[in-house]
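As a plain string of letters, each chain reads:
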Amino acid sequence: MATKRDYYEILEITREATSEQIKEAYKKLARKYHPDMNTEKDKKTAEEKFKEVSEAYEVLIDPNKRQMYDMRGHEGVDSQFGPGGFTWDNFTHQEDLNDIVGNLFKGFFGGGFETNTGGEDIFGRRMGRGRGGVRGQDVQLRVTLTLQEIYKGVTKEIRIRRYEACPVCKGFGGTGDRICNTCKGTGQIRRTVSSIFGQMVNITTCNACRGRGKTVEKICAECKGKGKTEKVSNVSVKIPAGVKEGNYIVLKGQGNAGSDGGPAGDLIVVIEETEDPVLKRDNNNLIIRVPISFPVATLGGSIEVPIIDGKVLLTIPKGTPTGKVFRLHGKGMPVLNGYGRGDELVEVYIDTPKNLSREAEQKIKELGTLI
Ligand SMILES: [Zn+2]
Ligand SMILES: [Zn+2]
């Protein structure tokens, strides 16, 4: 058996290399030797090199294996692999590799591999489409509430238009599996392209099967194979007391149906608040301006003040000036998801009388000489 090369030498690093440096070195070499990054002629050698650096990485990135290797060399770690030595089955850092090569391709092809499924990689592994399908889109809508509704909390019935999974085919567009003709079941279309880096293989998701690698045997008659149908539905949304303009409520899975058995999107209900004709809201407080007569301001008295759920009597002390603010503790809006309520702030102003009778005018003149 040929002598195996030293792992540190393979990764072109020193024996003191940190795990970051090991990762960095592997990233660099994986790029260099990845079979998809090499021309047909060099493919074979590149593939061997790629495997060799991956084996070195497998050992050195794992602190235990690295320690054994440092102590006893290849003998210390060979037992980790099968009798024939390292194979791809022994490689446990697929995620790192996906990351490395995935990003590499993204960089070269301008993000062409990014899809709305998120976790898709160029190898078609971990593909949301293949196993879990594509998640449906979120549906967003606004709901307008009065201050009274916000004060009490309310359950609203809202009508929404959304895609719902076809009840007949359960969203799969049909029944039975048939290997996709376009991609021969791989879910991907490979295209060799030339670039400044040499010949490379550009891999895109197969449009015909949307990456599943298979199509249905019998197209669903109900949805014509789309897997979903547009429907108008009533959804009941429970809105807690104390919400504010711009707050939103997320109803998980109540948005548009997914594709190929993927989960539905969410329904996002955004709160809009209509202005109240009487009470102004300032966070959890309510503000109101109330007129008082000149006699009440001067001599004191009590006035009726509207609050969110009725009226209260407010005592006006003797000699109250215009613009004075009274605080009604706990008469404001409820605190969202909390206890207690804000306050109501009552600003009084003196209501100067107009259009007086001749008699009233005379009395005020007399009064004027007295005060
Ligand atoms: Zn259907
Ligand atoms: Zn296909």
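Residues numbered from 1 in each chain as written. Chains lettered and ligands numbered in written order. Predicted model: local features only at pLDDT ≥ 70, side-chain atom pairs only at ≥ 80, totals over all residues. Heavy atoms only, no water.

Q: Please clarify how the nonpolar core should be interpreted in this entry.
A: A general feature of soluble globular proteins is that nonpolar side chains tend to end up buried together. Ranked by size, the top nonpolar core spans 38 residues in total, and within it I239, V269, I303, V305 and V346 carry the most contacts. Membership of the second largest hydrophobic core comes to 24 residues, among which are I10, I22, A30 and F81. (Core = buried A, V, L, I, M, F, W, Y, C linked by side-chain atoms within 4.5 Å. Buried < 20%, exposed > 50% of the residue type's maximum accessible area, 1.4 Å probe, protein only.)

Q: Help me out: how do you make sense of a nonpolar patch on the surface in this one?
A: Together, F294, L367, L370 and I371 line one region of the surface with nonpolar side chains, adding up to about 450 Å² of accessible area. Note that L370 resides in helix 10 (residues 358–370). Take L370: its relative accessible area is 71%, and that puts it in the exposed class. (Patch = residues over 30% accessible without salt bridge, like charges linked within 9 Å, V, L, I, M, F, W, Y side chains within 5 Å. Areas by Shrake-Rupley, 256 points an atom, 1.4 Å probe, with all protein chains shown as cover. Salt bridge = Lys/Arg side-chain N within 4 Å of Asp/Glu carboxyl O. Helix = DSSP H or I, 4+ residues; strand = E, 2+ residues; numbered from the N terminus.)

Q: Could you clarify how one ought to interpret the coordination of the zinc ion (ligand 2) in this entry?
A: When a metal holds four donors in a tetrahedron, each ideal angle between them is 109.5 degrees; when it holds six in an octahedron, the ideal angles are 90 or 180 degrees. Donor atoms from the polypeptide that bind the zinc ion (ligand 2) are C180 (SG), C183 (SG), C206 (SG) and C209 (SG), placed at 2.2 to 2.3 Å. For the zinc ion (ligand 2), the 4 donor atoms are set out with angles of 105 to 114° between them, so the coordination reads as tetrahedral. On the primary sequence, the residues serving as donors to the zinc ion (ligand 2) are separated as C-x2-C-x22-C-x2-C. Taken together, the residues span a long stretch of sequence, with C183 in the loop between strand 3 (174–179) and strand 4 (188–195) and C206 in the loop between strand 5 (198–205) and strand 6 (214–219) at a distance of 23 residues. Here the two residues C183 and C206 agree in accessibility, since each one is buried. (Donors = N, O, S within 2.8 Å, 3.2 Å for Na, K, Ca; no water. Tetrahedral: all angles 85-135°; square planar, octahedral: opposite > 155°, others 65-115°.)

Q: Got a minute to help me understand the sheet that holds strand 11 (residues 285–292) in this structure?
A: In any sheet, the strands associate via hydrogen bonds between backbone groups, in a parallel or an antiparallel arrangement. Taken in spatial order, the 4 strands line up as 10-11-15-14 in an open sheet, and their pairing is mixed. The open sheet has two edge strands, strand 10 (280–282) and strand 14 (325–328), and neither has a second partner. Going from strand to strand, the sheet's axes swing by 30° on average, the running direction of each strand aside. Direction of pairing for strand 14 relative to strand 15 (residues 344–350): antiparallel, over a ladder of 4 bridges. Each bridged residue has a counterpart across the sheet, and for V325 the counterpart in strand 15 is E347. (Pairing = 2+ DSSP bridges. Axes fitted to C-alpha atoms, helices over the stretch in contact; angles between N-to-C directions.)

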